[in-house]
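Letter by letter, the chains look like this.
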Amino acid sequence: MMPGTSPTVAYVGLGSNLDDPIAQVRSALRELASLPQTQLAHASALYRSPPLGPANQPDYINAVAELHTTLSPVALLEALQNIEQAHGRDRHGEHWGPRTLDLDVLLYGQTILDGPRLRVPHPGLAARAFVLIPLAEIAPALQVPAHGPLSGLLAGLDAAGTERL
Ligand code: ROI
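Residues numbered from 1 in each chain as written. Predicted model: local features only at pLDDT ≥ 70, side-chain atom pairs only at ≥ 80, totals over all residues. Heavy atoms only, no water.

A few words on the site of the ligand. If you check the shell around the ligand, you find G15, S49, P50, P51, L52, Y60, N62, W96, R99, D102 and F130 and nothing else. At 2.8 Å from a nitrogen atom of the ligand is found a side-chain nitrogen or oxygen belonging to S49. Here a nitrogen atom of the ligand sits 2.8 Å away from a polar atom, N or O, in the main chain of P50. Contact with the protein chains covers 96% of the free accessible surface of the ligand, which is 350 Å². (Near = heavy atom within 4 Å. Polar contact = N/O pair within 3.5 Å; in protein donor to acceptor, adjacent residues only side chain to side chain. Areas by Shrake-Rupley, 256 points an atom, 1.4 Å probe, with all protein chains shown as cover.)

On to the layout of surface pockets. To find leftover empty space, a probe the size of one water molecule is rolled over the atoms. Its boundaries defined by the atoms lining it, the largest pocket holds a volume of some 1,000 Å³. For the largest pocket, the lining is made up of 42 residues, of which R89, R99, D102, D104 and H122 are closest to its centre. Broken down by secondary-structure element, the contributors of at least two residues to the lining of the largest pocket are β1 (8–16), β4 (60–69), α2 (73–86), β5 (102–108) and α3 (129–138). Here the lining of the largest pocket gets five residues from one element, more than from any other, and that element is β5. Classifying every residue of the lining of the largest pocket by side-chain character gives 18 nonpolar, 13 polar and eleven charged. In terms of lining residues, the second largest pocket is bounded by S49, P50, P51, L52, A127, R128, A129, F130, L157, D158, A160 and T162. (1 Å grid on protein atoms, 1.4 Å probe; cavity = no way out; pocket = protein on both sides within 12 Å on 5 of 7 lines; lining within 4 Å. Points joined across faces, edges and corners; volume = space filled by probe spheres on them. Helix = DSSP H or I, 4+ residues; strand = E, 2+ residues; numbered from the N terminus. Nonpolar A, V, L, I, M, F, W, Y, C, P; charged D, E, K, R; others polar.)

What follows covers the pattern of salt bridges. With the rule as written, the count across this model stands at five salt bridges. Of the charged contacts in the structure, one is a salt bridge between E78 and R117, with a shortest N-O distance of 3.0 Å. In this pair, E78 sits in helix α2 while R117 sits in the loop between β6 (113–114) and β7 (119–120), placing the two residues 39 residues apart along the sequence. Exposure remark for E78: the relative accessible area of 35% places this residue in the partly exposed category. What makes R117 partly exposed here is its relative accessible area of 48%. Ionic pairing is found between D114 and R119, a salt bridge with its closest N-O pair at 3.3 Å. (Salt bridge = Lys/Arg side-chain N within 4 Å of Asp/Glu carboxyl O. Buried < 20%, exposed > 50% of the residue type's maximum accessible area, 1.4 Å probe, protein only.)

Structure (structure tokens):
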């Protein structure tokens with residue numbers, strides 16, 4: 001990015017259900033705050049949610065962070081993957097299985113991307129209570145590209161089980 005380019009408002013989803021998930025998410029928030037070219041503008045509370053996917057895994061701790069960044073979408077993705085790896089993320093486990101730390105680019109401004117590495121808005125965003133509820137805490141008036149108002153997505157949601165800590 002050129003110097004002086006104004007930052008983009010990006011939202012990142014955090015999730016963990018292994019190795020002290022609360023500590024994983026808290027330390028990941030601190031690491032997001034120290035990314036280059038990036039400010040952590042807001043962080044939601046932590047939420048406990050039942051697993052989406054195989055049920056024989058622990059509940060998740062989830063949160064959402066608002067970043068103001070001049071990193072490109074793919075540079076941001078790579079920075080998130082570096083943090084995941086530093087948390088011992090093993091990408092060879094069962095599909096939708098448990099994980100020490102998952103960091104997803106949920107939204108990158110009003111950008112829509114449909115690439116092999118990165119899809120934005122995140123394809124699961126519109127249906128996942130553990131994303132939408134913390135997102136609404138920090139950005140209640142958000143317009144979600146290709147989906148419209150966040151409030152509309154929340155209205156159609158089964159929020160049962162997602163509990164604010
Ligand atoms: N389920 C919950 N509740 N929270 C997550 O962050 C989460 N992440 C995942 C899958 C395995 C889809 N299930 C999840 O990647």
